[in-house]
Amino acid sequence: MSYSSLNECVRDLEKRGQLRRIDAEVDPNLEIAEIQRRLFKAGAPAVLFTRVKGTAFPVLANLYGTRERVRHLFRKTLAGVERAIALKFDPALALKKPFSSLLAAGAGLNSLPMRVNEAQSLACETTLSQLPQIVSWPLDGGAYITLPQVYTEHPDTPGYRRSNLGMYRIQLSGQPFAVDREVGLHYQIHRGIGPHHQAALRRGERLRVNIFVGGPPAHSLAAIMPLPEDLPELLFAGMLAGRRFRYARGPYGLLSADADFCITGTIDPERLLPEGPFGDHLGYYSLAHPFPVLEVEKVFHRKDAIWPFTVVGRPPQEDSCLSELIHEFAGPAIPHAVPGLKAVHAVEAAGVHPLLLAIGSERYTPYDKRKPRELLTIAHAVLGFGQLSLAKYLFIVAQEDSPRLDVRDVGGFFKHVLERIDLERDLHFQTCTTMDTLDYTGTGLNEGSKLVVAVAGPVRRELGRELPANLAYFPAGISEPRVVFPGVVVFTAPPYREENAAHADVQRFISFFEGRFLGTDSEEEAFFRHFPLLVLADDSEFAAANLDNFLWVVFTRSDPASDTSGVGAFTENKHWGCRNALIIDARRKPRHAPLLEPDARVAERVDKLAARGGPLQGLY
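Since the model is a prediction, treat every value here as computed from it, not as a measurement.

Reading guide: rules and limits
Residues numbered from 1 in each chain as written. Predicted model: local features only at pLDDT ≥ 70, side-chain atom pairs only at ≥ 80, totals over all residues. Heavy atoms only, no water. Helix = DSSP H or I, 4+ residues; strand = E, 2+ residues; numbered from the N terminus. Buried < 20%, exposed > 50% of the residue type's maximum accessible area, 1.4 Å probe, protein only. Areas by Shrake-Rupley, 256 points an atom, 1.4 Å probe, with all protein chains shown as cover. Pairing = 2+ DSSP bridges. Contact = heavy atoms within 4.5 Å. Axes fitted to C-alpha atoms, helices over the stretch in contact; angles between N-to-C directions. Phe/Tyr/Trp six-rings, centres within 6.5 Å; stacked < 30°, edge-to-face > 60°. Left-handed = near helix turned anticlockwise from the far one by under 90°. Nonpolar A, V, L, I, M, F, W, Y, C, P; charged D, E, K, R; others polar. Salt bridge = Lys/Arg side-chain N within 4 Å of Asp/Glu carboxyl O. Core = buried A, V, L, I, M, F, W, Y, C linked by side-chain atoms within 4.5 Å.

Our focus in this paragraph is the overall build of the protein. Scanning the protein for helices and strands turns up 19 helices and 30 strands. With respect to the principal axes defined by its C-alpha atoms, the protein has extents near 80 × 60 × 50 Å. Evaluated residue by residue, the protein yields a buried proportion of 59% over its 620 residues. Within the structure as shown, the protein displays about 25,300 Å² of accessible surface, and the carbon and sulfur contribution to it stands at 51%.

Moving on: the sheet that holds strand S2 (residues 46-49). The strand order across the open sheet formed by four strands is S1-S2-S3-S18, and the pairing between neighbours is mixed. Single-partner strands in this sheet number two, and they are strand S1 (19-22) and strand S18 (307-308). Bridge count between strand S3 (residues 59-61) and S18: two bridges; the pairing is parallel. Each bridged residue has a counterpart across the sheet, and for Leu-60 the counterpart in S18 is Pro-308. Contacts from helix H1 (residues 6-15) reach S1, S2, S3 and S18 within the one sheet, and its direction differs from that of S1 by about 105°.

Take the pairing of strand S28 (residues 569-572) next. Across four bridges, S28 lies against strand S29 (residues 575-578) in antiparallel orientation. Counterpart to Thr-571 in the pairing with S29 is Trp-576. Turn length for the S28-S29 hairpin, with the two strands adjacent in sequence and antiparallel, is two residues, and the turn residue Asn-573 shows positive phi of about 55°.

All chains considered together, the criterion is met by 17 aromatic pairs. Summarising the aromatic geometry, the rings of Phe-395 and Phe-414 are spaced 5.1 Å apart at their centres and angled 65° between planes, so their arrangement reads as edge-to-face. Taken as a pair, Phe-395 in strand S21 (residues 393-398) and Phe-414 in helix H13 (residues 410-420) lie far apart in primary sequence, 19 residues in all. We note that Phe-395, like Phe-414, is buried. The interplanar angle of 50° and the centroid separation of 6.2 Å between the aromatic rings of Phe-414 and Phe-485 together place this pair among those described as tilted.

The next thing to look at is the packing of helix H2 (residues 31-41) against helix H19 (residues 600-610). Closest axis-to-axis distance for the H2/H19 pair is 9 Å, and the angle between their directions is 65°. Our pair here, H2 against H19, has a crossing hand that is right-handed. Between H2, through Glu-31, Glu-34, Ile-35 and Arg-38, and H19, the contact on the second element is made entirely by Val-602, Ala-603, Arg-605, Val-606, Asp-607 and Leu-609. Looking at side-chain class alone, the contact of H2 with H19 contains five nonpolar, no polar and five charged residues.

Our next topic: the pattern of salt bridges. Applying the stated criterion across every chain, the model contains 37 salt bridges. Its salt-bridge partner being Arg-605, residue Glu-31 comes within 3.0 Å of it at the nearest N-O pair. A residue pair is termed long-range when its members are at least 10 positions apart, and Glu-31 in helix H2 and Arg-605 in helix H19 qualify at 574 residues. Note that Arg-203 is salt-bridged to Glu-205, the shortest N-O span being 3.0 Å. Sharing partners across several salt bridges, the network here consists of Arg-497, Asp-505, Arg-508, Asp-563, Asp-585, Arg-587, Lys-589 and Arg-591.

To continue, consider the nonpolar core. One finds Phe-49, Ile-263 and Trp-307 to be the most contacted residues of the largest nonpolar core, which totals 52 residues. Setting aside residues up to four positions removed in sequence, Phe-49 forms contacts with Ile-22, Val-26, Ile-32, Ile-35, Pro-58, Val-59, Ala-61 and Leu-616.

A few words now on the sheet that holds strand S22 (residues 427-434). On the basis of which strands lie adjacent, the open sheet formed by five strands has the order S19-S20-S21-S23-S22 and mixed pairing. Since the sheet does not close on itself, it has two edges, and those belong to strand S19 (341-346) and S22, each with one partner. Strand-to-strand twist of the sheet, defined as the mean angle between neighbouring strand axes without regard to direction, takes the value 15°. Alignment of strand S20 (residues 355-360) against S21, held across six bridges, turns out to be parallel.

So, on to helix H9 (residues 233-241). Each full turn of the α-helix corresponds to 3.6 residues, which orients residues three or four apart in the same direction. Here H9 lies mainly inside the structure; nine of its nine residues are buried. When we look at burial in H9, the residues that qualify are Glu-233, Leu-234, Leu-235, Phe-236, Ala-237, Gly-238, Met-239, Leu-240 and Ala-241. Once H9 ends, the next one or two residues include Gly-242, with phi positive near 70°.

Now for unusual backbone geometry. At the junction of Gly-276 and Pro-277, the peptide bond is cis and its omega measures out at -5° in the coordinates. By the secondary structure assignment, Pro-277 is in the loop between strand S14 (261-275) and strand S15 (278-279). Cis geometry marks the peptide bond from Pro-315 to Pro-316; its omega dihedral reads 0°. The topology assignment puts Pro-316 in the loop between S18 and helix H10 (318-330). The backbone of Asn-62 sits at a positive phi, close to 65°, despite the residue not being glycine. Take Asn-62: it is sitting in the loop between S3 and helix H3 (67-73). The exposure class assigned to Asn-62 is buried, which follows from its relative accessible area of 0%. Its identity is not glycine, yet Cys-432 carries a phi of approximately 50°, on the positive side. Within the secondary structure, Cys-432 is located in strand S22.

Next up, the structure:
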């Protein structure tokens, strides 16, 4: 079946035992978010809270909380949508697989949006303050809408054909917004709403912004799909829903007819107010910065409206299940768009954008000594492709060196890299460039550096699995070396202080190795041949506990240009490299945003709700 509304989806999940109703009152201030995080961790059913303090609207949590449930939600349309995307990049598939092409044609029939005269989404009106005021983390700047579908049209060519439907968080309270009349609109760099905002600035006019909440689950997924700018998300929403996107158009522009809530208003493109802080998906807060303000005109809702929400934080969280499905759609299509690219994987455990792994071809000079050539061309194309441009570290390897290498096997991928990397040749930096808006490791908001590690050729070294006995002492404050996985050692280092002192820590660390090992022609010097990557962390035990911890610590707490150094480092013709080991300083720095940590008192309350006889007993 294809869902025509969120209510229909809820009834279907309840009938299948994949949803529970909770009638006990819950608090939207931190409590309901704490429950959601536990529901996801436990692989629990979706939960409909029918009594939420301060609002008359029921709240739906954990809708996308398991991979199985996500696939169930879109079970009728997945095959057709996947085939339609494949056909876009390889039309010859229509001749090779005609049955699949028929599936794609069926999906395409649902892509064209449909205008309707009556919209259930506009049946009733309310105010912003009557909506669920959900606060997810203790330092959040206020209540947020975390599953919005933000709709805009290009001012130069109004209409859905050049529209954008994106999931940009909406702050309902906490900043100097006029009560019931204004909300904060946060959107990150490289998002589709940006050109619309720019065009409104150029034209000197206000930009109409409509926010939809709820509706068929396909509409929310469409809002986060990384689609090309020339492909409106409304088309994809219809294909994925198996039902054309229905809309009404009137004095407030295009409004979703099937949404549970529609918030409509305009922004003055030149007016900004602070928005934030907000606990975000890297596992840290994004801080308060100036962003557009939506001046709200109306808040509409269905008679049977349900308010869906999610919580983001250090991966994995609920959005990880949606990300995995998106990879199934977009992953196979990207290599068709970038010649020579075979596979690409944004690593969820590292926060998605900080770390990208890729496999490409290295065919430019097959008669010559193997070294990265074509891989560098592919890497530049990847860093210019949509949201992949936000990658901070890009590791790319040659398929010819290991045809069976799986880009999603992160441990195996790094083993392949570390066995082959030439630290004098394979490190390529981009400085003073754009960064993910949520990443505070760089030099400023949206500013930082990138590192491309391009590796091709035969195995150069055997990776070490145990530390040599001579590593018994270290410079002051550096201790507890631990092998994370073959070839990598992480150390506990002193807390990062002022910049000069911090660099002094690293220099002492480098001098220690250079003084003891280099030029000795001893077995000790072999250490660098077996351990090409050394990491400084605040807590080596935590960082080395498992691969996910290591990836999160290293790639969310370092900027390539300012936090990488090496033993035997050199610069030649503006190229930086090192002759022995690469060092990444993955300590937390003063410029970084605070960690996400739950409120202990709220956690105790939620413990009681799940105890024997409590309303949440047996859910997690």
